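# Descriptive analysis of the structure
Chain by chain, the residues run as shown.
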Amino acid sequence: MTVQSTQPRKLSTGIEGLDVLLGGGLPEKRTILVLGGPGSGKSILCTQFLKEGLEKYNEGTIYVSLDYSKKAFMHDMLQFGWDFETYEKNGHFLFLEGAAIRRLPQTAASVDVIYTPDDLTLEDLIDLLSLHIEKIGAKRVVIDDLTALTFRFPDDVQRRGAILSLIEALSSLDVTTVIISEALGYGIGRGINIEEYLSDGVIGMFLLKDGTRAIQISKMRGVQVDNKPHPYNIVDKVGIEVYPTETIFSEK
Amino acid sequence: MANTVITKSMTTSGDIGATYDTVLKKLTSLGYSESSTTWPSVMELKRGKRGMFATSFKDIKTTLKVSLKQVSNNVNIFFEFNFAIPKSYISEKDVEQEFTKIKSEITASTSPHITQKEKICDVCLNQIAVGENFCRNCGRSATRQKTESVEQSNEELAVIFDPNKVAFGQKTVDDALYGGIPKNGVLLITSPACEEKEIIITRFVETSLDQSEIIVYIATDDKFGQNEKIMQSQLLYQVICNPQIDLGSLKCSAENCVQVNGVERLTELSVALTTLLNNIERVSGQENSKRIVIDMLSDTLLSNQSVNTRKWLRETITKFKQKNFTVLATLNPHMHSKEEVQTLLDLFDGQVEIYEKELQGEPRMFMRVKRLNNSRYSSKEIQLVREDLLIQHNN
């Protein structure tokens, strides 16, 4: 289904089929959650979103990673033909390696400030982002992933408060942010994460029983979207490919 | 000593039975004598006794094989002259004169349109209604004129199509369907596993290729693996729903062959078909008539629930019809419950049933058109004889 929209300015995700489902792209200056299980392609989707900004619109972009090393990221994305080292050298892309910050207190590779694992709070992250967004004029930000940031809040009330603070802070930074999070199952009966209620939009990426990959936009505030599940694939040299006219025939 | 083979062809209007009789009569009058015949489609005749020392053209030892094929209201006639002397000893002028004579005599003797004349069935001698070229008593189309008339129609062979029908190229089936599947229509053949069905499907594919029409064939095996003519055609696009088949060993080009992981993953299959359709559209445009054979419906129904199969089939049919495809699907009803079969039937415009029953104590295969919406068809039971199908096939 093609969705016609007269809503806020949209940022193309760089994935043609996903843009069709979104009615043009992600709404600008909003915080969107991308959910999925391991190997579902969440990081690839988000990186494609950054690449689109870099290549088509010459926008500054930032990837904050809390689990994914910079070396692995650069290597993995090169498999799709995306050379982020060059973008970084050109000053349009910044990789903030939270993994290094959390695990190796004395060697924060990509950042100016050194943190210990316990030191890295949401406030610190927001400060750090604020600094670098201004520095490179970033318009698109990816945070990979939220679970690593909020694991220290076992209490739901505290966790909700922390996430809400993060989303509010990101909104004030005038950037479009995509936050990756882990999904709790698939289908109507799946568990809902707190962050799904708090974010402006939710895109789920799921692997079904028979190996079929399905993508579903379950929420996008103020924007009309196609919220049915549709198949997608991770294609070599292309990235994520979404088929907006196709139906899911598999059992959930 | 090397023989010389020269082929000629022509088309005349009329029905095959009457034309056959006329051709035989005229060739006999030209000195040919009957050697072997398979009425009404093939005849072999002989003339002359000498080779190099022949005293005249008629004296050259000649074998003439004539094949006839009914295409709609016309009959295509193929002549194969086999002269028992080398080519350099044959006068092309003589051959041309001979053929012109045969052609003009046949044309002068065959009637224009059998629909305009009173006819009888060659098989049961039943009277055929004016306007029909099909016996409603026995289901055969072998009819002949009660009275001969003289009229026109003389043209070099050009395969003639009913513009609104997609022919199987198999006389028995095409006659029953009055020319074939209505263009852009959707037909289901329900049949147990049998060679007769396989011959009909193969002929449908071959006819598509003969008529330069693109055809998509979806199956769980490489049915045409040994048929080089089919496999090497750039007009055939195969979708093989079987991960065990080694595509590298097939003779088809990589661009024309798609492999998916079985019929269990309908979403994957659907995506592959969409991609294939887009590729075909880039190559051929959307306007040209095309065909698709869905020859894995029973596997699909076995592997998926009938709800999912119906949903997938409906979307697939719609997808292909929108791109100007005529759809043919097959289903083995013995593999499923009646209810399961019923969930799919209304997705089709028509249904041809192939079934086995006893005739004189022997099991025989029959076919019957059960329905064909908004189109003429014969609902008579017709016996399918493997040998007859193969003869029609080879012609």
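Just so it is clear, the structure is predicted and the values come from calculations on it, not from any experiment.

### Focus: the environment of asparagine 261 of chain B
Residues and elements named next belong to chain B.
- Mapping asparagine 261 onto the fold places it in the loop between strand S14 (257-259) and helix H6 (266-284).
- Separated by 18 residues in sequence, asparagine 261 and proline 243 place their C-alpha atoms 5.0 Å apart.
- Non-local contacts of asparagine 261, meaning those with residues more than four positions away in its chain, are made with Pro243 and Glu268.

### A few points about the layout of surface pockets
- The space that makes up the second largest pocket amounts to roughly 390 Å³.
- In this structure, the second largest pocket is lined by 18 residues; those nearest its centre are Glu16, Gly17, Glu241, Val242 and Tyr243 of chain A.
- Residue contributions to the lining of the second largest pocket peak at four residues, all from H6 of chain B.
- Here the residues of the lining of the second largest pocket sort into eight nonpolar, seven polar and three charged.

### Some thoughts on the packing of helix H8 (residues 306-322) of chain B against helix H9 (residues 338-345) of chain B
All names here are of chain B.
- Two elements in contact, H8 and H9, have axes separated by 9 Å at closest approach and are oriented at 20°. Comparing their axes, H9 and H8 come out roughly parallel. Here the hand of the crossing between H8 and H9 comes out right-handed. Contacts between H8 and H9 involve Ser306, Thr309, Arg310 and Leu313 from the former and Glu340, Thr343 and Leu344 from the latter.
- By residue class, the composition of the contact of H8 with H9 is two nonpolar, three polar and two charged.

### A few points about the pattern of salt bridges
Residues and elements named next belong to chain B.
- Here the structure, examined in full by the defined rule, presents 26 salt bridges over all chains.
- For the salt bridge of lysine 223 with glutamate 198, the shortest nitrogen-to-oxygen distance reads 2.5 Å. Of this pair, lysine 223 sits in the loop between strand S12 (215-219) and helix H5 (228-231) while glutamate 198 sits in helix H4 (residues 195-210), and the two are 25 residues apart along the sequence.
- Two residues, glutamate 353 and arginine 368, come together in a salt bridge whose shortest N-O distance is 3.1 Å. Here glutamate 353, found in strand S17 (residues 350-359), pairs with arginine 368, found in strand S18 (residues 362-372); they are 15 residues apart in sequence, far enough to count as distant.
- Members of the salt-bridge network, linked through shared partners, are Lys197, Glu198, Lys223 and Asp295.

### Description of the interface of chain A and chain B
- Listed as interface residues are ten residues of chain A and, on the opposing side, twelve residues of chain B.
- Taken together, both faces of the contact between chain A and chain B bury some 1,000 Å²; the carbon and sulfur share is 51%.
- At the surface where chain A touches chain B, the tally comes to one salt bridge.
- Residue glutamate 246 of chain A pairs with lysine 319 of chain B through a salt bridge whose shortest N-O separation is 3.4 Å.
- Residues that form the side of chain A that touches chain B fall into these classes: four nonpolar, four polar and two charged.

### Focus: unusual backbone geometry
Residue and element names in this part refer to chain A.
- Along the chain, aspartate 144 connects to aspartate 145 via a cis peptide bond; the corresponding omega equals 0°.
- Mapped onto the elements of the fold, aspartate 145 is located in the loop between strand S6 (138-144) and helix H7 (146-150).
- Phi is positive for lysine 237, which is not a glycine, with a value near 65°.
- Within the fold, lysine 237 resides in the loop between strand S10 (230-235) and strand S11 (239-242).

### A short note on H8 of chain B
All names here are of chain B.
- Counted at 1.5 Å a residue, the expected span for H8 with its 17 residues is 24 Å, and the 24 Å between its end C-alpha atoms agrees.
- Inspection of H8 places Ser306, Asn308, Thr309, Trp312, Leu313, Thr316, Ile317, Lys319 and Phe320 among the buried residues, and these make up the whole buried set. For H8, the angular spread of the buried residues around the axis is 165°, confining them to a single face. Seen from the open side of H8, the exposed residues pointing more than 90 degrees away from its buried face are Val307 and Gln322.
- Trailing H8 by a residue or two, asparagine 324 shows a phi angle of about 70°, which is positive.

### Looking at the confidence of the model for chain B
Residues and elements named next belong to chain B.
- When the pLDDT values of chain B are averaged, the result is 83; 85% of them are 70 or greater.
- Across residues 111-117, where pLDDT falls below 50, the model places 22 contacts with residues more than four positions away in sequence or in other chains.
- Segment residues 142-161: pLDDT under 50, and 74 contacts once partners within four positions in sequence are set aside and those in other chains are kept.
- Scored as a whole, the predicted complex attains pTM 0.67, and scored at its interfaces, ipTM 0.76.

### Quick word on empty space enclosed by the protein
Residue and element names in this part refer to chain A.
- According to the stated counting rule, one finds two cavities of 30 Å³ or more in the structure shown.
- Looking at the second largest cavity, its volume works out to about 30 Å³.
- Along its surface, the second largest cavity is lined by Thr13, Leu18, Leu26, Ile32, Val34, Leu45, Val178 and Ile203.
- For the lining of the second largest cavity, the class distribution of residues is seven nonpolar, one polar and no charged.

Calculation rules
- Residues numbered from 1 in each chain as written.
- Chains lettered and ligands numbered in written order.
- Predicted model: local features only at pLDDT ≥ 70, side-chain atom pairs only at ≥ 80, totals over all residues.
- Heavy atoms only, no water.
- Helix = DSSP H or I, 4+ residues; strand = E, 2+ residues; numbered from the N terminus.
- Contact = heavy atoms within 4.5 Å.
- 1 Å grid on protein atoms, 1.4 Å probe; cavity = no way out; pocket = protein on both sides within 12 Å on 5 of 7 lines; lining within 4 Å.
- Points joined across faces, edges and corners; volume = space filled by probe spheres on them.
- Nonpolar A, V, L, I, M, F, W, Y, C, P; charged D, E, K, R; others polar.
- Axes fitted to C-alpha atoms, helices over the stretch in contact; angles between N-to-C directions.
- Parallel < 35°, antiparallel > 145°, perpendicular 65-115°, else oblique.
- Left-handed = near helix turned anticlockwise from the far one by under 90°.
- Salt bridge = Lys/Arg side-chain N within 4 Å of Asp/Glu carboxyl O.
- Buried area = accessible area lost by both parts, 1.4 Å probe.
- Expected span 1.5 Å × (residues − 1).
- Buried < 20%, exposed > 50% of the residue type's maximum accessible area, 1.4 Å probe, protein only.
- Arc of directions from axis to C-beta.
- pLDDT = per-residue confidence, 0-100.

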